[in-house]
Amino acid sequence: MGRWPKVPKVNVGTETVVRRLRDGMTGGVLSFPLTSFHEDGSLDPDGFRAHVAAQIATAPGAVFPACGTGEFFSLDEDEYRRVVAVTVEEAAGRLPVVAGVGYGWAQAARFARIAEEAGADALLVLPHYLVAAPQDGLVAQLEQLAARTSLPLIAYQRGQVAFGMDAFRQITRIPGVIGLKDGHSDLDRLQRLTLAAPEDFLFFNGASTAEIQARAYATVGVPAYSSAVHAFAPEIANAFFAALSAGDDGTVDKLLRDFYVPLVELRDRVPGYAVSLVKAAARLRGRPVGPVRAPLTDPSAADLADLKALLATGLDLVGAAL
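Since this is a predicted model, take the numbers as computed values, not measurements. Along each chain, residues carry numbers from 1 onward, in the same order as the chain's sequence is written. Only residues with pLDDT of 70 or above have their local features reported here, since the model is predicted, and side-chain atom pairs are shown and tallied only from 80 upward, although totals for entire chains, interfaces and linings are computed over all residues. To get the side-chain values, all heavy atoms of the structure are used, and hydrogens and water are removed first.

1. Remarks on the sheet that holds strand 8 (residues 226-227)
So, point 1. Pairing between strands requires that DSSP locate at least two bridges from one strand to the other. Each helix is a run of H or I in the DSSP string that is no shorter than four residues. Each strand is a run of E no shorter than two, and both are numbered from the N terminus. One open sheet holds the three strands; their spatial order is 2-1-8, and the pairing between them is parallel. The outermost strands of the open sheet, each flanked by one partner alone, are strand 2 (62-63) and strand 8.
So, point 2. Strand direction decides the pairing type here: strand 1 (residues 30-31) and strand 2, joined by two bridges, are parallel. What sits directly across from L30, in strand 2, is A62.

2. Structural notes on the sheet that holds strand 5 (residues 153-157)
So, point 1. Across the sheet, which stays open at both edges, the five strands sit in the order 3-4-5-6-7 with parallel pairing between neighbours. Pairing within the sheet leaves two strands with one partner each, and these edge strands are strand 3 (98-101) and strand 7 (202-205). Sheet twist, expressed as the average angle between the axes of neighbouring strands with direction ignored, equals 25 degrees.
So, point 2. In terms of strand pairing, strand 6 (residues 177-182) meets strand 7 through four bridges, oriented parallel. Bridged to K181 within strand 7 is F204.
So, point 3. On the sheet, helix 5 (residues 135-146) packs against strand 3, strand 4 (122-125) and strand 5 and is oriented at approximately 155 degrees with respect to strand 5. Here an angle of 0 to 180 degrees is reported between the N-to-C directions of two axes, which are lines fitted to C-alpha atoms, with helices fitted over the stretch in contact. In this description, contact between two residues means that some pair of their heavy atoms is separated by no more than 4.5 Å.

3. Points about the pairing of strand 3
So, point 1. Of the two faces of strand 3, the one carrying V98 and G100 and the one carrying A99 and V101 are both buried.
So, point 2. With four bridges joining them, strand 3 and strand 4 adopt parallel strand pairing. Bridged to G100 within strand 4 is L124.
So, point 3. With the strands aimed away from the viewer, a crossover counts as right-handed if its path from the first strand over the helix to the second runs clockwise. A crossover links strand 3 with its parallel partner strand 4, the connecting element being helix 4 (residues 105-118), and its sense is right-handed. The buried label goes to any residue with under 20% of its type's maximum accessible area, the exposed label to any with over 50%, and the partly exposed label to all in between, with areas taken from a 1.4 Å probe on protein chains only.

4. Some points on the pattern of salt bridges
Should their charged atoms come close, side chains of opposite charge can pair.
So, point 1. Any carboxyl oxygen of Asp or Glu within 4 Å of a side-chain nitrogen of Lys or Arg constitutes a salt bridge here. Going through the model one piece at a time under the given rule, you end up with 18 salt bridges.
So, point 2. Two residues, D253 and R215, come together in a salt bridge whose shortest N-O distance is 2.6 Å. Of this pair, D253 sits in helix 10 (residues 249-267) while R215 sits in helix 8 (residues 214-219); the two residues are 38 residues apart in sequence, bridging distant segments of the chain.
So, point 3. The partner of D303 in a salt bridge is R269, with the nearest N and O atoms 2.5 Å apart. In this pair, D303 is assigned in helix 12 (residues 301-317) and R269 in the loop between helix 10 and helix 11 (273-284), connecting sequence segments 34 residues apart.
So, point 4. R269 sits in the partly exposed class, given a relative accessible area of 46%.
So, point 5. What you see here is one network of salt bridges that share partners, running through R49, E89 and E90.

5. Section: the confidence of the model for the protein chain
So, point 1. As a per-residue measure, pLDDT reflects the predictor's confidence and takes values from 0 up to 100. Chain-level pLDDT for the protein chain is 95 on average; 96% of the residues reach the 70-or-more range.
So, point 2. Scored below 50 in pLDDT, residues 1-12 shows 26 contacts in the model against residues more than four places distant or in partner chains.

6. Observations concerning helix 7 (residues 187-196)
So, point 1. Among the residues of helix 7, L190, L193 and T194 are the ones counted as buried. Along helix 7, the residues classed as buried sweep out an arc of 100 degrees about the axis, all on the same side.
So, point 2. Where helix 7 is buried, its residues touch strand 5, helix 6 (165-172), strand 6, strand 7 and helix 8. The arc in question is traced by the directions running from the helix axis to the C-beta atoms.

7. Considering the packing of helix 2 (residues 45-57) against helix 3 (residues 77-91)
Describing two packed helices takes the angle between their axes plus the distance from one axis to the other.
So, point 1. In the contact formed by helix 2 and helix 3, the axes pass within 9 Å of each other and the chain directions differ by 40 degrees. What the angle tells us is that helix 2 and helix 3 run oblique. Two packed elements cross with a definite hand, and for helix 2 against helix 3 that hand is right-handed. Seen from helix 2, the contacting residues are P45, F48, R49, V52, A53 and I56; seen from helix 3, they are R82, V83, V86, T87, E89, E90 and A91.
So, point 2. Charged means Asp, Glu, Lys or Arg here, nonpolar means Ala, Val, Leu, Ile, Met, Phe, Trp, Tyr, Cys or Pro, and polar covers whatever is left, Gly included. When its residues are assigned to classes, the contact of helix 2 with helix 3 shows eight nonpolar, one polar and four charged. Any angle between 65 and 115 degrees counts as roughly perpendicular, while under 35 counts as roughly parallel, over 145 as roughly antiparallel, and the rest as oblique. Handedness of a helix crossing follows the sense of rotation of the near helix relative to the far helix, less than a right angle counterclockwise being left-handed and clockwise being right-handed.

Now the structure itself:
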């Protein structure tokens, strides 16, 4: 773009990060841990440590702290630092840690600096805040952030962020931009993007409850996906991943029909349930994640009862218990 002066600082380990992410996402789902809060809404670092340690123990392909499921939008900078640092400590180099950043590029750069100091391997660039923007502005947002961090960037197109072909080609040429996470589920456009991408460019399925569309995404060359279910039922998430990888359509269909589709129907009852239900399900399993922060709200008693019954069904399908 060249509109503002920038001095790219490309991480000498970018190729290593790409390789580790590619290796990881072929062997497991991508974990997006929940951020633990006390009942008064304050951060619970000990609860978060226990939660993220349990997530890592189930062998995900990578771990993405402080992203959408982790309520990035509700964290201040000190809380963010602790969340990323705890994740890095618990990962201990065993798998990549990709921290979320967001808002405008100036604020995203502040969070990027914190994530870099805390030891993160890469950054997931969440959609910018509030306003719609033209294509050259979306490119400039990534250029500005890339100029201010040595960490590799994965762009997340969702909501008001959707890259056209020309803009996509430009972002693939930004030093440090290594991948795209897609939450729009426009497979026609996504296929065009995958065909236009450099050979080593990474793609991720970031649709809500990504398992629902995992087979469809795989047909256009995007088999890797994030799993919110992994945050509360890794047994289900890993069983689905194994069945999908093995081409076991019978098991995939059964899990979709009896668990994932009803979960989506429950999720769609109330705005924000994409996070609130995940946290509630984790609490049902004794995970120390606490409540959601406003503006999200915890599920109603009736919805919580339906969630508990559905969770029991899903666990039973894979031979696990509540």
